[in-house]
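Listed below are the residues making up each chain.
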Amino acid sequence: MLGLTTLGIFHTAISLVAVIAGLHAFWRWQAIDTRKTGGKVYLVTTVVSCLTGLGIFAHGGFGKPHALALITLAVLAVAVLAQTRSVFGRFSRRVEVVSYSLSFFFHLIPGITETSTRLPLGHPLLDSPEASALKALFGFLFIVFLAGAIWQARRTK
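Residues numbered from 1 in each chain as written. Predicted model: local features only at pLDDT ≥ 70, side-chain atom pairs only at ≥ 80, totals over all residues. Heavy atoms only, no water.

A.B. asks: When you look at the overall build of the chain in this model, what are you seeing that I'm missing?
C.D. replies: When its secondary structure is counted, the chain shows 5 helices and 0 strands. In summary, the chain has a C-alpha radius of gyration of 16 Å against a globular reference of 15 Å for 157 residues, a match within 12%. The principal-axis extent of the C-alpha atoms belonging to the chain is close to 50 × 30 × 25 Å. With 157 residues in all, the chain has 34% of them scored as buried. As displayed, the chain offers around 9200 Å² of accessible surface, 71% of which is attributable to carbon and sulfur atoms. Separation between the mean location of the 14 positive side-chain charges and that of the 5 negative ones in the chain comes to 16 Å. (Helix = DSSP H or I, 4+ residues; strand = E, 2+ residues; numbered from the N terminus. Rg over C-alpha atoms; globule rule 2.2 N^0.38 Å. Buried < 20%, exposed > 50% of the residue type's maximum accessible area, 1.4 Å probe, protein only. Areas by Shrake-Rupley, 256 points an atom, 1.4 Å probe, with all protein chains shown as cover. Lys, Arg positive; Asp, Glu negative; His and termini not counted. Charge placed at Lys NZ, Arg CZ, Asp CG, Glu CD.)

A.B. asks: How should the packing of helix α3 (residues 64–85) against helix α4 (residues 92–118) be read in this particular structure?
C.D. replies: Any two packed helices are characterised by how steeply their axes cross, that is the angle between the axes, and by the distance between the axes. Contact geometry of α3 with α4 gives a least axis separation of 8 Å together with a crossing angle of 160°. One element, α3, and the other, α4, form an angle in the roughly antiparallel class. Seen from above, α3 lies across α4 with left-handed handedness. Of α4, the residues touching α3 (which contributes Leu68, Ile71, Thr72, Val75, Leu76, Val78, Ala79, Val80, Ala82 and Gln83) are Ser92, Val95, Glu96, Ser99, Tyr100, Leu102, Ser103, Phe106, Ile109 and Pro110. Looking at side-chain class alone, the contact of α3 with α4 contains 14 nonpolar, 5 polar and 1 charged residues. (Axes fitted to C-alpha atoms, helices over the stretch in contact; angles between N-to-C directions. Parallel < 35°, antiparallel > 145°, perpendicular 65-115°, else oblique. Left-handed = near helix turned anticlockwise from the far one by under 90°. Contact = heavy atoms within 4.5 Å. Nonpolar A, V, L, I, M, F, W, Y, C, P; charged D, E, K, R; others polar.)

A.B. asks: Looking at this model, I keep getting lost on a nonpolar patch on the surface. Mind explaining?
C.D. replies: A surface patch of nonpolar side chains, about 400 Å² in accessible area, is lined by Val78, Leu81, Val87, Phe88 and Phe91. Relative to the elements of secondary structure, Phe91 occurs in the loop between α3 and α4. For Phe91, a relative accessible area of 38% puts it in the partly exposed group. (Patch = residues over 30% accessible without salt bridge, like charges linked within 9 Å, V, L, I, M, F, W, Y side chains within 5 Å. Salt bridge = Lys/Arg side-chain N within 4 Å of Asp/Glu carboxyl O.)

A.B. asks: Help me out: how do you make sense of helix α1 (residues 6–29) in this one?
C.D. replies: Since the α-helix turns once every 3.6 residues, residues separated by three or four places project in the same direction. Compared with an ideal rise of 1.5 Å per residue, which puts 24 residues at 34 Å, α1 spans 34 Å between its outermost C-alpha atoms and is within 8% of the ideal. All buried positions along α1 are accounted for by Gly8, His11, Ile14, Ser15, Ala18, Val19, Ala21, Gly22 and Ala25. Trailing α1 by a residue or two, Gln30 shows a phi angle of about 60°, which is positive. (Expected span 1.5 Å × (residues − 1).)

A.B. asks: How do you make sense of the side chain of Thr113 when you look at a structure like this?
C.D. replies: Tracing the backbone through its elements, the reader meets Thr113 in helix α4. Separated by 2.6 Å, the side chain of Thr113 and the backbone oxygen of Ile109 make a polar contact. Setting aside anything within four residues of it in sequence, one finds Thr113 in contact with Leu108, Pro129, Leu134 and Phe138. (Polar contact = N/O pair within 3.5 Å; in protein donor to acceptor, adjacent residues only side chain to side chain.)

A.B. asks: Any chance you could explain the pattern of salt bridges here in plain terms?
C.D. replies: Oppositely charged side chains can form a pair if their charged atoms are brought close together. Applying the stated criterion across every chain, the model contains 8 salt bridges. Between Glu130 and Lys135 there is a salt bridge, with its nearest N and O atoms 3.8 Å apart.

A.B. asks: How do you make sense of the packing of aromatic side chains when you look at a structure like this?
C.D. replies: A full pass over the atoms with the stated rule returns 6 aromatic pairs. Put simply, the rings of Phe105, Phe106, Phe142 and Phe145 touch in pairs and so form one group of aromatic residues. (Phe/Tyr/Trp six-rings, centres within 6.5 Å; stacked < 30°, edge-to-face > 60°.)

A.B. asks: Sorry if this is basic, but what is going on with the packing of helix α2 (residues 37–53) against α4 here?
C.D. replies: Following both chains from N to C, one finds α2 and α4 inclined at 45°, their axes separated by 12 Å at the closest point. With respect to their mutual orientation, α2 and α4 come out oblique. Taken as a pair, α2 and α4 cross one another with a handedness that is left-handed. On the side of α2, the interface is formed by Tyr42, Leu43, Thr46 and Ser49, while α4 contributes Tyr100, Ser103, Phe104 and His107. Among the residues making up the contact of α2 with α4, the classes are represented as 4 nonpolar, 4 polar and no charged.

Okay, structure coming up:
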């Protein structure tokens, strides 16, 4: 199926659960909040997604997707520390909320890349993960993330 291994299928499925949980949280609470069940589901499935992604070597050895998984885990660690230890003082809640949002943005990069270079079967939308259309889309999505992060930080106390 789409050239995926069993690990790849599990990774894709768990990543979809994380994205759906993140979208639900944004829709319902305008932020991913791990104090709520949906936020906990997001956190756990994102961690599992990152860890399973580290075992996928479809394009050879360690690459950009592996680095992104490690960066995502680091961002999640910052979010959890901000929430549980208040290491950023009065800014801890803002750091927490923006970090979870950044981790969601990171989900979009491999998700959109893999989907657009694999589907539709036999005639994918894009020929390469390096396509200029993807770079432009991710630039736009990063601007959307920044605007959302500023909005979240301003409304978070």
